[in-house]
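Below are the chains, spelled out letter by letter.
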Amino acid sequence: MKLYTRWQNSAGERVRIALNLKGLDYDYVSVGSLGAQAYAAINPQGLMPALELDGQVFTQSAAILDLLETRFPERQLLPADPVRRAHAIAFGAIIASEMHALTVNRVRKYLAGHGIDEAGLAQWVQHWQGEGFAALEALLARRAQDWDFCYGEVPGWADLHLAPQVAAARRLGVVLERFPLVVAITERCESLPAFIAARPEAQPDFPKNAG
Ligand SMILES: N[C@@H](CCC(=O)N[C@@H](CS)C(=O)NCC(=O)O)C(=O)O
């Protein structure tokens, strides 16, 4: 199994955490080591991550996570209970489909190239991240139980979306004090080997001069 990713790739970090939680070995392929054309032949969208499994390439982190969940079911990432499962999927979708999609680097670059200045960009990021984290915090506050992780006593689908998004928000200067449950659960995740090994600084292509 090959994972095409890059050290700083929060969608890829979700998949790295999932692979680690499931205890699956994989080959890390740094997309930077391939030319853009070579990678476009692997993933026509040119985005990371992509997963190669059984001779096929799979793209989009949500689809990759679903594939891993069904193909390697031994350590389930989604709760078995259908209600909790739906909440966990919704939680991940808020992050992947809305918060991340609206503030990802290429969107910020596009806005910057279309007359939005630095203050406007910061406002854009604060708005979408703030709105997203407020929804996540509210969802966590109304859970059926005060679990240690988002939707259970072990980390899973929702948590592997949350931790990379919090890290990205911190990089973008988003203030998270208003979201104590988000922060507490993220800190719990950040102390676990599966999450630590997925962090940007733990990746083989992490630049030596990066902070
Ligand atoms: N919806 C996609 C998002 C993938 C995505 O936007 N990846 C970013 C990095 S986190 C990327 O490849 N950026 C490179 C680029 O925009 O050229 C997924 O969940 O896999």
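The rules behind the values
Residues numbered from 1 in each chain as written. Predicted model: local features only at pLDDT ≥ 70, side-chain atom pairs only at ≥ 80, totals over all residues. Heavy atoms only, no water. Domains from an automatic or database assignment. Contact = heavy atoms within 4.5 Å. Salt bridge = Lys/Arg side-chain N within 4 Å of Asp/Glu carboxyl O. Polar contact = N/O pair within 3.5 Å; in protein donor to acceptor, adjacent residues only side chain to side chain. Helix = DSSP H or I, 4+ residues; strand = E, 2+ residues; numbered from the N terminus. Pairing = 2+ DSSP bridges. Axes fitted to C-alpha atoms, helices over the stretch in contact; angles between N-to-C directions. Expected span 1.5 Å × (residues − 1). Buried < 20%, exposed > 50% of the residue type's maximum accessible area, 1.4 Å probe, protein only. Near = heavy atom within 4 Å. Areas by Shrake-Rupley, 256 points an atom, 1.4 Å probe, with all protein chains shown as cover. Nonpolar A, V, L, I, M, F, W, Y, C, P; charged D, E, K, R; others polar. Parallel < 35°, antiparallel > 145°, perpendicular 65-115°, else oblique. Left-handed = near helix turned anticlockwise from the far one by under 90°. Core = buried A, V, L, I, M, F, W, Y, C linked by side-chain atoms within 4.5 Å.

1. Focus: the domain arrangement of the chain
Taken domain by domain, the chain consists of domain 1 (2-75) and domain 2 (82-195). Placing a centre on the C-alpha atoms of domain 1 and another on those of domain 2 gives a separation of 20 Å. If you look at the interface, domain 1 gives 14 residues, while domain 2 gives 13 residues. Our count for the contact surface shared by domain 1 and domain 2 stands at zero salt bridges. Where domain 1 meets domain 2, there are three residue pairs in polar contact (both at pLDDT 80 or more). Of all the elements in the fold, those that place two or more residues in the side of domain 1 that touches domain 2 are α1 (10-21) and α3 (61-71).

2. Some remarks on the sheet that holds strand β3 (residues 50-53)
Here we have four strands laid out as an open sheet, ordered β2-β1-β3-β4, and mixed in their pairing. Every interior strand has two partners, whereas the edge strands, β2 (27-30) and β4 (56-59), have only one. Looking at each pair of strands side by side, their axes are set apart by 25° on average, direction ignored. Lying on the sheet, α1 is in contact with β1 (2-5) and β2; it crosses β1 at an angle near 155°. Against the sheet, α3 makes contact with β3 and β4, and its axis sits at roughly 35° relative to β3, the strand it touches most.

3. Regarding the pairing of β1
Successive side chains on a regular strand alternate, one facing one side of the sheet and the next facing the other. Relative to β2, β1 is paired through four bridges, and the arrangement is parallel. Bridge assignment links Lys 2 to a residue of β2, and that residue is Asp 27. In the sheet, β1 pairs with β3 via three bridges, with the strands oriented antiparallel. Paired with Tyr 4 across the two strands is Ala 50, which belongs to β3.

4. Examining helix α6 (residues 118-141)
Given a rise of 1.5 Å per residue, 24 residues ought to cover 34 Å, and the 34 Å separating the end C-alpha atoms of α6 matches this to within 8%. Residues of α6 that are buried: Leu 121, Val 125, Gln 129, Gly 130, Gly 132, Phe 133, Leu 136, Glu 137, Leu 139 and Leu 140. Its buried side turned inward, α6 meets α4 (82-103), α5 (105-112), α7 (157-171) and α8 (180-190).

5. Describing the environment of Ala 138
Looking at the element boundaries, Ala 138 is found in helix α6. Of the residues examined, Ala 138 reaches a relative accessible area of 42% and is grouped as partly exposed. On a C-alpha basis, the gap between Ala 138 and Val 182 in space is 9.6 Å, while along the polypeptide they are 44 residues apart.

6. Thoughts on the site of the ligand
Around the ligand, the surrounding shell consists of Asn 9, Ser 10, Ala 11, Arg 14, Leu 47, Met 48, Pro 49, Gln 60, Ser 61, His 100, Val 104 and Arg 106. Met 48 has a polar backbone atom sitting 2.8 Å from an oxygen atom of the ligand. Between an oxygen atom of the ligand and a side-chain N or O atom of Arg 106, the distance comes to 2.8 Å. Bound to the protein, the ligand loses 78% of the 510 Å² it would expose on its own. With three residues, the single largest contributor to the shell around the ligand is α1. Its residues assigned to classes, the shell around the ligand comprises five nonpolar, five polar and two charged. Lining the shell around the ligand are residues from two domains, each supplying at least three of them: domain 1 (2-75) and domain 2 (82-195).

7. Regarding the packing of α1 against α4
Taken N-terminus to C-terminus, the directions of α1 and α4 make an angle of 155°; their axes are 11 Å apart at the nearest point. Relative to α4, the element α1 lies roughly antiparallel. Seen along the crossing, α1 lies across α4 with a hand that is right-handed. Contact residues: α1 offers Ser 10, Ala 11 and Arg 14, while α4 offers Ile 95, Ala 96 and His 100. A class-by-class count of the residues in the contact of α1 with α4 yields three nonpolar, two polar and one charged.

8. Notes on the nonpolar core
A general tendency of soluble globular proteins is for nonpolar side chains to be buried together. If you look at the biggest cluster of nonpolar residues, it comprises 51 residues, and the most contacted ones within it are Leu 68, Phe 91, Phe 133, Leu 136 and Leu 162. Broken down by secondary-structure element, the contributors of at least two residues to this core are α1, β3, α3, α4, α6, α7, α8 and α9 (193-196). Taken domain by domain, the makeup of this core includes at least three residues from each of domain 1 (2-75) and domain 2 (82-195). The contacts of Leu 136, once residues within four sequence positions are left out, are Phe 91, Ile 94, Ile 95, Met 99, Leu 162 and Val 182.

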